Amino acid sequence: DQQVKQNSPSLSVQEGRISILNCDYTNSMFDYFLWYKKYPAEGPTFLISISSIKDKNEDGRFTVFLNKSAKHLSLHIVPSQPGDSAVYFCAARSKTSYDKVIFGPGTSLSVIP
Amino acid sequence: DAGITQSPRHKVTETGTPVTLRCHQTENHRYMYWYRQDPGHGLRLIHYSYGVKDTDKGEVSDGYSVSRSKTEDFLLTLESATSSQTSVYFCAISESGQEGGELFFGEGSRLTVL
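The rules behind these values
Residues numbered from 1 in each chain as written. Chains lettered and ligands numbered in written order. Predicted model: local features only at pLDDT ≥ 70, side-chain atom pairs only at ≥ 80, totals over all residues. Heavy atoms only, no water. Helix = DSSP H or I, 4+ residues; strand = E, 2+ residues; numbered from the N terminus. Buried < 20%, exposed > 50% of the residue type's maximum accessible area, 1.4 Å probe, protein only. Contact = heavy atoms within 4.5 Å. Areas by Shrake-Rupley, 256 points an atom, 1.4 Å probe, with all protein chains shown as cover. Lys, Arg positive; Asp, Glu negative; His and termini not counted. Charge placed at Lys NZ, Arg CZ, Asp CG, Glu CD. Pairing = 2+ DSSP bridges.

A.B. asks: Please explain the overall build of chain A as it appears in this structure.
C.D. replies: Across its full length, chain A carries 0 helices and 11 strands. When the helices and strands of chain A are read in sequence order from the N terminus, they spell out β-β-β-β-β-β-β-β-β-β-β. Seen along its three principal axes, the alpha-carbon backbone of chain A occupies a region of about 45 × 30 × 20 Å. Here chain A holds 113 residues, and the buried ones make up 48% of them. Here the analysis covers contacts within chain A between residues at least 6 apart in sequence; of these, 55% occur between residues at least 24 apart. Total accessible area on chain A stands at roughly 5,200 Å², and carbon and sulfur atoms take up 48% of it. Of the charged side chains in chain A, 12 are positive and 10 negative; the average position of the first set lies 4 Å away from that of the second.

Here it is, written out as structure tokens:
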């Protein structure tokens, strides 16, 4: 059973608009979350992270929001650019096993020019 | 870019044959990971290592073994490959297993088991 879920396999957004990618988790021991971006035929690259002691973290056009009570986080990209078209993975570390990093199934984002 | 090299990058093999994938790093990072990527499943952790000769299982370890005899090398072995192990395999490294220790990934090894 997946501990990290990304229920939208794909998302299309117009260039310049906001992209919102969602992630839900089931393990209440998760307390550190990461987002990765992946282009075809390349390895994933780190994008942004958030600790459970925060509810928001911002880096340029990318903002991650964390709602611990709902076990939900979201990645906002504003404004979206065609180069943002990629697969986005949500990932989590557990406070009981920080060594392991568990990933979700990913959401494929297409930004339409 | 993090110095991670995976080999081979592409391999086609037959069911029942042994296969070894190699991950080599030049960053001297303590942690190394093997993931597989499959449609609908994303990245699933197979095994990871937290030091030389120190390894542990991930989410989907059945049918796989690993070894780490040197800091820089982490080997993934399929003792007897099956068609269900057709996948893209990614190696990752991390300086720390703690909060803030991001993973850096290699470019992947595509394995096809016929």
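That shown, we press on.
A.B. asks: Sorry if this is basic, but what is going on with the sheet that holds strand β1 (residues 4-5) of chain A here?
C.D. replies: Whenever strands of a sheet pair, they do so through backbone hydrogen bonds, lying parallel or antiparallel. Residue and element names in this part refer to chain A. On the basis of which strands lie adjacent, the open sheet formed by 5 strands has the order β1-β3-β8-β7-β6 and antiparallel pairing. Taken across any chain shown, the strands that pair with only one partner, and hence form the sheet edges, are β1 and β6 (56-59). Bridge count for β1 against strand β3 (residues 19-25) is 2 bridges, and the pairing is antiparallel. What sits directly across from Val4, in β3, is Tyr25.

A.B. asks: Sorry, what's going on with unusual backbone geometry here?
C.D. replies: Residues apart from glycine generally show negative phi values, whereas peptide bonds are mostly found in trans. With an omega dihedral of -15°, the bond running from Val78 of chain A to Pro79 of chain A counts as a cis peptide bond. Within the secondary structure, Pro79 of chain A sits in the loop between β8 (72-77) and β9 (86-94). Looking along the chain, the bond that leaves Ser7 of chain B and enters Pro8 of chain B is cis, with omega of -10°. For Pro8 of chain B, the location among the structural elements is in the loop between β1 (4-7) and β2 (10-13). Positive phi values are uncommon outside glycine, yet Lys71 of chain A reaches one of about 55°. Looking at the element boundaries, Lys71 of chain A is found in the loop between β7 (62-67) and β8. Within the chain, Asn28 of chain B stands out as a residue other than glycine whose phi angle is a positive 60°. Among the secondary structure elements, Asn28 of chain B is positioned in the loop between β3 (19-25) and β4 (31-38).

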